[in-house]
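Fold and geometry: a report
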Amino acid sequence: GSKVIAHSMANPTLVGACAYQGRCVNFNNAQGPILGSKAADVAGMLCKKRAWWDPRRVTRDVMNAFNGCNGAVNSLKTSNFRDPHYHNTARRIIKRTTCGDTTAFGYSKGYEHLGAGLFLIDKTFLVGERSDGMVTKSSCTVNHTLPNVVNMRADHLVFKGHIHGRSRRDMVGWLRGAARR
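Residues numbered from 1 in each chain as written. Predicted model: local features only at pLDDT ≥ 70, side-chain atom pairs only at ≥ 80, totals over all residues. Heavy atoms only, no water.

A positive phi is found at S8, a non-glycine position, where the angle reads about 55°. In this structure, S8 sits in the loop between β1 (5–7) and α1 (10–21). When its relative accessible area of 17% is taken as the criterion, S8 is described as buried. (Helix = DSSP H or I, 4+ residues; strand = E, 2+ residues; numbered from the N terminus. Buried < 20%, exposed > 50% of the residue type's maximum accessible area, 1.4 Å probe, protein only.)

We now examine the side chain of S37. Note that S37 resides in the loop between β2 (27–30) and α2 (38–41). Sequence-distant contacts of S37, defined by excluding residues within four places in its chain, comprise L76, T78 and M134. (Contact = heavy atoms within 4.5 Å.)

Another aspect to go through is the nonpolar core. Judged by nonpolar contacts, the single largest core of 17 residues is most densely connected at V15, F27, I34, A90, I93, I94 and V142. Among the secondary structure elements, those contributing two or more residues to this core are α1 and α5 (84–93). By residue number, the principal contributor to this core is α5, which donates three residues. Excluding anything up to four places from it in sequence, I94 contacts V15, F27, N29, I34 and L146. (Core = buried A, V, L, I, M, F, W, Y, C linked by side-chain atoms within 4.5 Å.)

A few words now on the sheet that holds strand β3 (residues 94–99). Taken together, four strands build an open sheet; the order of strands is β1-β2-β3-β5 and the sheet is parallel. Across the chains shown, the open sheet's two edge strands, defined by having one partner strand only, are β1 and β5 (149–151). Pairs of neighbouring strands in the sheet enclose a mean axial angle of 20°, with direction left out of account. Alignment of β2 against β3, held across four bridges, turns out to be parallel. Paired with N29 across the two strands is T97, which belongs to β3. This element, α1, spans β1, β2 and β3 of the sheet and lies at about 145° to β2. (Pairing = 2+ DSSP bridges. Axes fitted to C-alpha atoms, helices over the stretch in contact; angles between N-to-C directions.)

Our focus in this paragraph is the state of the cysteines. This structure, assessed with the given rule, holds two disulfides. Residue C18 pairs covalently with C24 via a disulfide, S to S 2.0 Å. Its S-S torsion of about 80° marks the bond between C18 and C24 as right-handed, since a negative value means left-handed. With relative accessibility at 5%, the residue C18 sits in the buried group. On the basis of relative accessibility, which here comes to 43%, the residue C24 falls in the partly exposed class. One disulfide in the model links C99 with C140; its S-S distance is 2.2 Å. Its S-S torsion of about -100° marks the bond between C99 and C140 as left-handed, since a negative value means left-handed. Of the two residues, C99 is situated in strand β3 and C140 in helix α7 (residues 137–140); the sequence distance between them amounts to 41 residues. (Disulfide = S-S within 2.5 Å.)

Given below as structure tokens:
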């Protein structure tokens, strides 16, 4: 049968649709902020206009690349994801999980400048836990309670470009294979 692979914000959308509207589908999570994003918690500070020479400007560019400097980012604040019913629903319908890791800095070919921003966000605001630059591992895994978790050497931009010269279709196959291991 067909498989649903949800990336990033599609994950909390699918969990919420099931938990609160009864519209459920089992799916594989690829770098989903199931418990929100600590980067969203500090987005106001990250989105401030910076002088062209200010090195913090790269974080603003990254947030803009993810439309993170608009009102939608408020939906990803961690305070919005505290409902135990939502957590239990996520555990029930997410079958496989692939979380990213910024130790793979530079893997998103063609987006290295944004990858640098993700690396900077990770090392500045998401300190103390592995993340892909936007989503911490605890958020991706519902506080480490999801089964079948695979760590992927890629930052959050992996779907935005090519990784190791692979196309998006190849990338989906790579994720499916990683989720089987």
